[in-house]
Number of protein chains: 2
Amino acid sequence: MRDVAASTVRRLSLYLQFLDECGRQGLGTVSSGALAERGGASPAQVRKDLSFFGSFGRRGVGYSVPLLAGRLREILGLARRYRVVLIGAGRVGAALAAYPGFRARGFDVVAIYDVDPARIGTSVDGLVVRSGASLEADLLAEAADIAVIATPAGAAQGVADRLVRAGVRGLLNFAPVTLAVGPGVTVSEVNMALELEALSYALHHAQP
Amino acid sequence: MRDVAASTVRRLSLYLQFLDECGRQGLGTVSSGALAERGGASPAQVRKDLSFFGSFGRRGVGYSVPLLAGRLREILGLARRYRVVLIGAGRVGAALAAYPGFRARGFDVVAIYDVDPARIGTSVDGLVVRSGASLEADLLAEAADIAVIATPAGAAQGVADRLVRAGVRGLLNFAPVTLAVGPGVTVSEVNMALELEALSYALHHAQP
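Calculation rules
- Residues numbered from 1 in each chain as written.
- Chains lettered and ligands numbered in written order.
- Predicted model: local features only at pLDDT ≥ 70, side-chain atom pairs only at ≥ 80, totals over all residues.
- Heavy atoms only, no water.
- Axes fitted to C-alpha atoms, helices over the stretch in contact; angles between N-to-C directions.
- Helix = DSSP H or I, 4+ residues; strand = E, 2+ residues; numbered from the N terminus.
- Left-handed = near helix turned anticlockwise from the far one by under 90°.
- Contact = heavy atoms within 4.5 Å.
- Nonpolar A, V, L, I, M, F, W, Y, C, P; charged D, E, K, R; others polar.
- Buried area = accessible area lost by both parts, 1.4 Å probe.
- Salt bridge = Lys/Arg side-chain N within 4 Å of Asp/Glu carboxyl O.
- Polar contact = N/O pair within 3.5 Å; in protein donor to acceptor, adjacent residues only side chain to side chain.
- Buried < 20%, exposed > 50% of the residue type's maximum accessible area, 1.4 Å probe, protein only.
- Pairing = 2+ DSSP bridges.
- Right-handed = clockwise from strand over helix to strand, strands pointing away.
- Least-squares fit on C-alpha atoms with pLDDT ≥ 70 in both.

**Q** Looking at this structure, how should I read the packing of helix α1 (residues 6-24) of chain A against helix α4 (residues 65-75) of chain A?
**A** All names here are of chain A. The interhelical angle for the contact between α1 and α4, taken along N-to-C directions, is 145°, at an axis separation of 9 Å. Handedness of the crossing formed by α1 with α4: left-handed. Together, Leu12, Tyr15, Leu16, Leu19, Asp20, Cys22 and Gly23 of α1 and Val65, Leu68, Ala69, Leu72, Arg73 and Ile75 of α4 make up the contact between the two elements. Here the residues of the contact of α1 with α4 sort into 10 nonpolar, 1 polar and 2 charged.

Given below as structure tokens:
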């Protein structure tokens with residue numbers, strides 16, 4: 001399969017969220033217009049996005065909700081499971097350890113690490129917090145696909161470098177810094193600061 | 001001031017994060033090249049972004065870190081404070097109530113709401129959880145600028161409608177649905193599912 005743009009993957013995710021909602025409401029088919037509204041795209045864009053991965057729709061009938069959802073799950077790599085390590089057992093790390101959306105997407109959090117002696121050995125959502133010092137040895141014994149970085153900002157790049165050297169190819173970064181990684185490594189970021197500042201900008205400049 | 005694109009606001013936030021790091025490291029000036037790298041833009045784009053808000057840089061010297069950071073804080077609306085209500089006192093809501101980045105950006109969480117009788121009246125990070133039923137009356141007595149939505153997916157749109165009717169003009173949505181709001185209301189979203197699926201897509205389609 002050809003490589004597709006990040007913006008396309010994002011729209012596919014939005015389509016899938018919408019299809020899952022339709023499925024919960026018992027809808028069997030959905031129109032490209034409804035998918036378009038959800039993905040922030042035109043109906044023509046929806047048809048183009050989906051035809052890229054094979055044809056799913058029928059003119060006048062629309063898309064089958066379960067068939068399209070299943071195919072999108074395959075395309076998005078959600079039909080397999082991923083081994084995930086979580087770095088940082090502070091407030092953010094502990095909240096993430098309990099996040100049900102990981103498991104629902106095939107992301108199995110198999111270990112959690114911290115460098116704070118007060119946290120090492122404690123239990124977080126059923127996992128015993130391991131020492132960050134054992135990260136490389138653990139990953140050598142059992143590889144991980146993805147690491148979630150929930151460290152303080154100053155520690156994140158160093159941790160990312162260690163993870164990548166140990167073979168981790170996907171990073172989900174919650175630390176408020178932009179990580180630099182080499183080719184072949186994918187970084188997703190959840191940057192709360194950007195979202196908050198988009199809000200404060202809009203409110204500050206709103207017409208009264 | 002003219003309205004600027006969301007992508008510009010995003011770059012301004014990234015510049016500010018970088019300037020704050022430079023400040024912590026004791027750097028007095030920074031080049032447009034260094035800012036560009038951080039904002040994912042060209043040096044020419046940086047100069048254009050910043051000239052839009054007035055001239056800050058000096059040829060051959062670069063930008064003053066404290067002056068530019070201060071000006072960006074003003075532009076981003078971070079020089080004032082915002083009253084924030086938090087809807088949902090579950091795991092995500094409780095983690096957010098404790099998030100230090102809110103206060104650092106002038107976002108004061110003044111109240112937290114839930115509809116679960118088992119949560120109402122309990123204390124979350126120093127705030128007593130209020131009943132969702134009192135939302136409108138509370139907002140009438142004391143307006144809020146921003147609401148953070150940390151409800152289950154199915155409840156989010158209804159809550160958003162109530163908040164907007166009660167005069168809230170900024171929403172930060174953590175529920176995994178796309179919210180529809182009218183003009184004059186700004187929504188920022190933290191959609192973990194999109195970030196996770198971008199990772200699973202990349203790993204699933206990676207060359208071995």
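Okay, back to it.
**Q** Whenever I open this one, the interface of chain A and chain B confuses me. Can you help?
**A** One frequently used descriptor of interface size is the decrease in accessible area upon assembly of the parts. Taken together, the contact between chain A and chain B spans 58 residues of the former and 58 residues of the latter. Carbon and sulfur atoms supply 65% of the area buried between chain A and chain B, which totals about 5000 Å² over both sides. Of the charged contacts, one joins B:Arg105 and A:Glu197 as a salt bridge, the two residues approaching to 2.9 Å between their closest N and O atoms. Where chain A touches chain B, the interface holds 18 residue pairs in polar contact (both at pLDDT 80 or more). Examining the composition of the side of chain A that touches chain B, we find that 13 residues originate from one element, helix α9 (residues 192-204) of chain A, more than from any other.

**Q** Explain the pairing of strand β9 (residues 170-173) of chain A here, please?
**A** Moving residue by residue along a regular strand, the side chains alternate between the two faces of the sheet. Residue and element names in this part refer to chain A. The two faces of β9 match: Gly170 and Leu172 on one face and Leu171 and Asn173 on the other face are all buried. Here strand β8 (residues 146-149) runs beside β9; their pairing, made up of 4 bridges, is parallel. Its bridge partner lying in β9, isoleucine 146 is registered against glycine 170. Handedness of the β8-helix α8 (residues 153-165)-β9 crossover: right-handed.

**Q** Would you mind showing me how to read the relation of the copies chain A and chain B here?
**A** The relation between the two copies of this chain is a rotation about an axis and a shift parallel to it. The operation relating chain A to chain B is a screw motion whose rotation component is 180°, with 0.0 Å of axial translation and a residual RMSD of 0.1 Å. A rotation of that kind, with that shift, is consistent with a two-fold axis. Within chain A, A:Ala95 has its C-alpha nearest the rotation axis, a separation of 3.2 Å. By residue overlap, the copies meet face to face through one surface: 100% of the interface positions of chain A are interface positions in chain B.

**Q** Sorry if this is basic, but what is going on with unusual backbone geometry here?
**A** What is expected of a backbone is that most residues other than glycine have negative phi and most peptide bonds are trans. Although it is not a glycine, A:Asp125 sits at a positive phi angle of roughly 50°. Assignment of secondary structure puts A:Asp125 in the loop between β5 (123-124) and β6 (127-128).

**Q** Looking at this structure, how should I read the sheet that holds strand β5 (residues 123-124) of chain B?
**A** Paired through backbone hydrogen bonds, the strands of a sheet run either parallel or antiparallel to each other. Residues and elements named next belong to chain B. The strand order across the open sheet built from 7 strands is β5-β6-β4-β3-β7-β8-β9, with neighbouring strands paired in mixed fashion. The sheet terminates laterally at β5 and β9 (186-189), the two strands that pair on one side only. Here helix α8 (residues 153-165) sits on the sheet and contacts β3 (82-87), β7 (146-149) and β8 (170-173); the angle it forms with β7, its principal contact strand, is near 170°.

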